[in-house]
Amino acid sequence: MTAAPDVLAPAKLGPVTLRNRIIKSATFEGKTPDALVTDELIEFHRRPAAGGVGMSTVAYCAVAPEGRTEYGQLWMRPDALPGLRRLTDAIHAEGAAASAQLGHAGPVANQKSTGLPALAPSSSFNPLSMRMIRTATTADITRIAAAHGSAARLAVDAGFDAVEIHFGHNYFASSFLSPKLNRRKDSYGGSLENRARVVLDTARSVRDAVGDKIAILAKLNMDDGVPGGFWVDEAIQVAQWLEASGSVDALELTMGSSLLNPMYLFKGDAPIREFAAAMPQPVRLGVQLVGKSMLHTYPYKPLFMLEEARQIRAAVKLPLVLLGGVTDKAGMDTAMAEGFEFVAMARALLREPDLINRIAAESDTHSLCIHCNKCMPTIFSGARCVLVERV
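Residues numbered from 1 in each chain as written. Predicted model: local features only at pLDDT ≥ 70, side-chain atom pairs only at ≥ 80, totals over all residues. Heavy atoms only, no water.

Details of the overall build of the protein
Our working rule: Note on conventions: DSSP H or I runs of at least 4 residues are helices, E runs of at least 2 residues are strands, and numbering of each starts at the N terminus. With the radius of gyration taken over C-alpha atoms, the globule rule is written as 2.2 Å times the number of residues to the power 0.38. Burial classification: accessible surface area is computed with a 1.4 Å probe over protein chains only, and a residue below 20% of its type maximum counts as buried, one above 50% as exposed, and the rest as partly exposed.
In terms of regular secondary structure, the protein is built from 14 helices and 13 strands. Computed over its C-alpha atoms, the radius of gyration of the protein comes to 19 Å, within 12% of the 21 Å expected for a compact globule of 391 residues. Principal-axis analysis of the C-alpha atoms places the extent of the protein at approximately 55 × 45 × 40 Å. The buried share among the 391 residues of the protein stands at 60%.

Comments concerning empty space enclosed by the protein
Let me state the cut-off plainly: Buriedness for pockets is judged along seven lines, at least five of which must meet protein on both sides within 12 Å for an open set on the 1 Å grid over protein atoms alone, while cavities are sets there where a 1.4 Å probe fits but cannot get out, and lining residues have an atom within 4 Å of a point. Grid points are joined across faces, edges and corners, and a volume is the space filled by probe spheres set on the points. Throughout this entry, Asp, Glu, Lys and Arg are counted as charged residues, while Ala, Val, Leu, Ile, Met, Phe, Trp, Tyr, Cys and Pro are counted as nonpolar. The remaining residues, Gly among them, count as polar.
Here the structure, examined in full by the defined rule, presents two cavities of 30 Å³ or more. For the second largest cavity, the full set of lining residues is Gly103, His104, His148, His166, Tyr171, Phe172, Ala173, Val198 and Thr202. Elements that contribute at least two residues to the lining of the second largest cavity include exactly helix H5 (172-177) and helix H7 (197-210). Within the lining of the second largest cavity, the residues separate by chemical class into four nonpolar, five polar and no charged.

A short note on the pattern of salt bridges
Side-chain pairs of opposite charge can arise where the charged atoms are in close proximity. Rules: We define a salt bridge as a side-chain nitrogen of Lys or Arg found within 4 Å of a carboxyl oxygen belonging to Asp or Glu.
A full pass over the atoms with the stated rule returns 16 salt bridges. A salt bridge links Glu94 to Arg46, with the nearest nitrogen and oxygen atoms 3.0 Å apart. Placement of Glu94 in the loop between helix H2 (81-93) and strand E5 (97-103) and of Arg46 in helix H1 (residues 39-50) is noted, with a sequence separation of 48 residues between them. Judged by relative accessible area, Glu94 falls into the partly exposed class, the value being 27%. One salt bridge in this structure joins Arg358 and Glu352, with 2.6 Å as the shortest N-O distance. Taken together, the salt bridges that share partners define one network made up of Glu66, Arg134, Asp140 and Arg143.

Comments concerning helix H4 (residues 138-157)
In an α-helix there are 3.6 residues to a turn, and that puts residues three or four apart on one side. Heads up, the rule is: Take the number of residues in a helix, subtract one, and multiply by 1.5 Å to get its expected span.
Over its 20 residues, H4 extends 29 Å from the first C-alpha to the last, a length consistent with the 28 Å expected when each residue adds 1.5 Å. Residues Asp140, Ile141, Ile144, Ala145, Ala147, His148, Gly149, Ala151, Ala152, Leu154 and Ala155 constitute the buried set of H4.

Looking at unusual backbone geometry
In the segment running from Ala59 into Tyr60, the intervening peptide bond is cis, with an omega of 0°. With respect to the helices and strands, Tyr60 occurs in strand E4 (residues 55-62). If you check the backbone angles, Asn170 has positive phi at about 65° while not being a glycine. Within the secondary structure, Asn170 is located in the loop between strand E9 (162-167) and H5. Positive phi, normally seen in glycine, also occurs at Lys267, with a value near 60°. By secondary structure assignment, the location of Lys267 is in the loop between strand E11 (250-254) and helix H9 (272-278).

Looking at the environment of Val326
Defined as follows: Whether two residues are in contact is decided by their heavy atoms, any of which lying within 4.5 Å being enough.
With respect to the helices and strands, Val326 occurs in the loop between strand E12 (320-322) and helix H12 (329-337). Residues Val326 and Met345 lie 19 residues apart in sequence; the distance between their C-alpha atoms is 6.0 Å. In contact with Val326, not counting residues within four places along its chain, are Leu303, Met332, Val343, Ala344, Met345 and Ala348.

Section: the sheet that holds strand E7 (residues 124-126)
Put simply, the rule is: When DSSP finds two or more bridges between a pair of strands, those strands are recorded as paired.
Spatial ordering of the open sheet is given by E6-E8-E7, a layout of three strands whose pairing is mixed. Here the strands that pair on one side only, and so sit at the sheet edges, are strand E6 (119-120) and E7. Of the strand pairs in this sheet, E7 and strand E8 (residues 131-135) are connected by three bridges, and their pairing is antiparallel. Across the sheet, residue Phe125 finds its bridge partner in E8, namely Met132.

Description of the pairing of E8
Across two bridges, the pairing between E6 and E8 is parallel. For Ala120, the partnering residue across the bridge sits in E8 and is Thr135.

Considerations on the confidence of the model for the protein
In plain terms, the rule: Residue-level confidence of the predictor is what pLDDT reports, using numbers from 0 through 100.
Averaged over every residue, the pLDDT of the protein is 93; the share at 70 or more is 92%. Low pLDDT, under 50, characterises residues 386-391; the predicted model gives this stretch 18 contacts beyond four residues in sequence or across chains.

Re H2
As a reminder, the rule being used: The directions considered for the arc are those from the helix axis to the C-beta atoms.
The end-to-end C-alpha distance of H2 is 18 Å, a good match for the 18 Å that 13 residues give at a rise of 1.5 Å each. Buried within H2 we find Gly83, Leu84, Leu87, Thr88, Ala90 and Ile91. Each buried residue of H2 lies within a common arc of 155° when the element is viewed along its axis, so the set occupies one face. For H2, exposure combined with an orientation more than 90 degrees from the buried face picks out Pro82 and Ala93. A positive backbone phi angle near 90° is found at Gly95, which sits one or two residues after H2.

Remarks on the sheet that holds E5
Put simply, the test is: Note on geometry: axes are lines fitted to C-alpha atoms, helical ones only across the stretch in contact, with angles between N-to-C directions running from 0 to 180 degrees.
The eight strands are arranged E3-E4-E5-E9-E10-E11-E12-E13 in a closed barrel whose pairing can be described as parallel. Ignoring strand direction, the axes of neighbouring strands in this sheet form an average angle of 30°. Sheet strands in contact with H7 are E9 and strand E10 (215-221), and its direction is about 165° off that of E9.

Okay, structure coming up:
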């Protein structure tokens with residue numbers, strides 16, 4: 001029987017060697033008011049890099065201006081290149097690799113903020129912007145897939161070691177996978193093979209654009225957390241198709257719908273009061289009135305995605321990244337023993353950016369994160385975790 005790998009030892013991810021198997025997963029930073037890199041964004045990623053992670057993932061790098069969730073979000077274009085280069089240089093100086101999460105928000109985009117139409121497989125109403133979402137045309141679909149390739153080339157120029165393609169949370173590609181959101185009658189709707197075309201074409205666009213210059217990951221939903229949505233049985237097939245295509249070097253497994261059930265991804269408390277306080281009127285009043293119907297509370301437990309992720313693990317040989325409730329060395333070792341090649345961490349590193357160095361020094365170190373999720377509303381104010389952090 002093969003021994004489980006050491007999570008703290010160097011590991012290959014596609015063409016890149018990481019100093020360990022721990023990835024800072026993509027979390028909205030709220031630090032790009034002009035849709036460009038700021039010193040605050042650089043510091044946000046420098047801290048976990050200095051704190052010991054193998055790679056830090058920059059979120060969210062939209063591939064088109066209408067693909068942003070809101071106006072101030074970073075999007076990939078030549079004007080962003082100098083700042084992105086400063087960002088990757090800062091991460092590299094701390095010994096970590098840098099990844100850019102590429103994606104298109106699709107129906108999750110707040111068109112009131114961006115001033116541009118939100119796009120989805122089928123027309124629907126967006127409760128976030130209180131506007132109708134436009135049905136994407138075939139030309140839109142083709143353009144957006146190609147834009148991922150262009151964004152990946154820019155990521156190479158900016159010095160990124162990897163890109164992560166966002167196929168989760170009912171963003172553009174994920175919304176096509178969802179039977180609930182995708183009611184099309186053309187070649188992009190109906191059967192899973194049709195609904196997966198956007199995912200497969202987008203991954204191929206990125207691979208064709210960058211080859212083996214950098215690592216390519218895809219963040220894939222296993223479960224939308226919505227009745228009638230995408231579910232793990234179909235996720236297994238999509239993972240197998242991605243593996244067969246040779247387009248990606250690894251999958252990071254995720255769940256939930258930013259549009260229809262955002263708390264399903266996080267588990268733990270739903271900080272409705274804090275979300276309301278961070279919003280301008282009249283959105284604040286809306287959150288206060290209907291927040292409980294949108295922000296459900298789910299019990300937190302360590303490694304809360306493991307059960308579903310095991311099913312993907314059993315179906316593919318592709319390297320997998322386990323996300324969700326990874327907060328200590330014991331959880332990391334469990335992931336390695338279960339056959340996952342990497343782990344991804346988010347809230348625990350927002351709470352303590354130096355957590356990995358402390359775990360390396362003392363293996364029984366436990367995260368101080370209490371899964372209150374009050375870090376989530378801080379993206380609207382640019383603040384850090386509302387609790388005291390270690391420096």
